[in-house]
Amino acid sequence: MSGAVEGSGTDPRGTARAVLRQVRTHQSPGLALVYGMNGAGAVEATGEGARVVLSDGRSALDFGSYAVTLLGRRHPQVLGAVRAELETMAVSTRVLANGTTARFAAELAEYTDPGRLTKVWMGLNGADVVEASLKLARLATGRSRVVAVEGAYHGKSLGALAATWNRRYRQSLEPLLGGVTHLPAEVEAVPRAFEQGDVAAVIVEPVQGEGGVRPLAPAFLHALAAAARQHGAFLIADEIQTGLRRCGERALSTTLGLSPDAVLFGKALGGGVQPLSALVATEELYAPLTKDPFVHTTTFSGHPLSAAAGSATLRAVEDLAPQGRRLAARLADGLDRVRLRHPGVITEVRGQGLLWGVEFGPPGAAGDVLLELSRHGLIVSPCLGQPEVIRLVPPLVATDEQVDEALDILDTTCAAIPDEFRSAARNSSRDESDRPIGSEEATPPAATASSRVRC
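Residues numbered from 1 in each chain as written. Predicted model: local features only at pLDDT ≥ 70, side-chain atom pairs only at ≥ 80, totals over all residues. Heavy atoms only, no water.

(A) Representation of the pattern of salt bridges in the model. As enumerated under the stated definition, the model contains 17 salt bridges in all. Among the salt bridges present, the one from Arg 350 reaches Glu 348, with a minimum N-O distance of 2.9 Å. Look at Arg 350 and you get buried, because its relative accessible area is 8%. Put simply, Arg 214, Glu 348, Arg 350 and Glu 359 are held in one network by salt bridges that share partners. (Salt bridge = Lys/Arg side-chain N within 4 Å of Asp/Glu carboxyl O. Buried < 20%, exposed > 50% of the residue type's maximum accessible area, 1.4 Å probe, protein only.)

See below:
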């Protein structure tokens, strides 16, 4: 049976309506509403480089996609590697060794922290490797407690969700994995998190993505790492969003000298072509899997197509690293200029490398901006844990002209924000950023958007 939707090849608008109807019927009415609003009734059709083409023929810059498309769309080096693997060994037997998977594991260990982080376990998404790392830490130490940071996002599967801060995703599912302590990102709070003892692991994002693109202070990160070592706990660096040169370095945690016991990669690791994540760990943390390789397995761990994509991604990312540094400086300067031009709307711009957050006054303004940016040809990502922040995560393959185009669209959109939002931003007596992450106000930006926008 053909995979084409009703109306395909004849009426683009009919095709979009058919797709949204299928989403509404078989997936979620709320999802269909959000998709319809974001696309102004159109759906994604194809993409290349930093651009996506919609079903109605419009073109949009992709500075979103939740940081997956670091190499843009259809990167030729990654596509070539996956096509070659597809013609030879598309799926592993899982009872015989696979050369492509073994080679990628060796390359990733050498890439991350040569000679120290030597062990690799692969999954398909970020939550896979978060689950694996916490499980290994508990097995290796015989302890049960985990220390995480307020504002953290580590995934939504039941184990990873326990380390995620946003109450919106936790409520009605508790009790989750027991013994998780969330501490404020403050040096003085670190000792209190270890007072109860029995800590197996500390898990931390150097820059909190979903938590509002908040870079954590190096002093705090070093204090956390030192406390983990002092108390015999493993330090797990969640670089699923920040790694692979997204924030300028291969891994921020190793560059900062934190000496993590594991670095977690994901999102962009498959080059925007295949789903892929990986845990790169020390011998000590990995010891339970060394002793029994079947203590934690998944059917598609080390999938050959994903591994082929991963190897190509590592090479492409390094080739593009100088371009990424140039683009990052251009984006940072441009965002600061936009902030200065709209002081009644934008309260803060923060980030690092090619991961930036733009914080608006009341949450309604962020929702309005998110939709209008999409309508005017710029795709960005919301921060699910901080609805007043939108996230810009451009690819390494973007050009200077495309960065300038994105900044122009953002500037124009901010200039058109209704006066009531500007007044609210200027006159608000309470800074929204002081509210606990995951409070009742934490509604996805699309849900708080102006009713003027229709799907």
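This is not the end of the story, as more comes after the structure.
(B) Region of the structure containing helix H4 (residues 99–112). Over its 14 residues, H4 runs 20 Å from end to end, which matches the ideal 20 Å to within 8%, given 1.5 Å per residue. Restricting attention to buried positions, one finds in H4 the residues Thr 100, Thr 101, Phe 104, Ala 105, Leu 108, Ala 109, Tyr 111 and Thr 112. Axial view of H4: buried residues confined to an arc of 165°, hence all on one face. Residues of H4 that are exposed and point over 90 degrees away from its buried face: Ala 106 and Glu 110. (Helix = DSSP H or I, 4+ residues; strand = E, 2+ residues; numbered from the N terminus. Expected span 1.5 Å × (residues − 1). Arc of directions from axis to C-beta.)

(C) Quick look at the sheet that holds strand E16 (residues 381–382). Pairing is antiparallel across the open sheet formed by four strands, whose spatial order is E13-E14-E17-E16. Of all the strands in the sheet, the pair left with one neighbour each is strand E13 (346–352) and E16. Note: E16 against strand E17 (residues 389–392), two bridges, orientation antiparallel. Each residue of the ladder has a partner; that of Pro 382, found in E17, is Ile 390. Strands E13, strand E14 (355–360) and E17 of the sheet are contacted by helix H12 (residues 304–341), whose axis makes an angle of about 170° with E13. (Pairing = 2+ DSSP bridges. Contact = heavy atoms within 4.5 Å. Axes fitted to C-alpha atoms, helices over the stretch in contact; angles between N-to-C directions.)

(D) Broad picture of the packing of helix H3 (residues 76–86) against H12. Contact geometry for H3 and H12: axes closest at 8 Å, N-to-C directions at 155°. Classified by the angle their axes make, H3 and H12 are roughly antiparallel. As H3 runs across H12, the sense of the crossing is right-handed. Together, Gln 77, Val 78, Ala 81, Val 82, Glu 85 and Leu 86 of H3 and Pro 304, Leu 305, Ala 308, Ala 309, Ala 312, Thr 313, Arg 315, Ala 316 and Asp 319 of H12 make up the contact between the two elements. Split into classes, the residues belonging to the contact of H3 with H12 amount to 10 nonpolar, two polar and three charged. (Parallel < 35°, antiparallel > 145°, perpendicular 65-115°, else oblique. Left-handed = near helix turned anticlockwise from the far one by under 90°. Nonpolar A, V, L, I, M, F, W, Y, C, P; charged D, E, K, R; others polar.)

Fair warning: the whole summary comes from geometry, so function is off the table for now.
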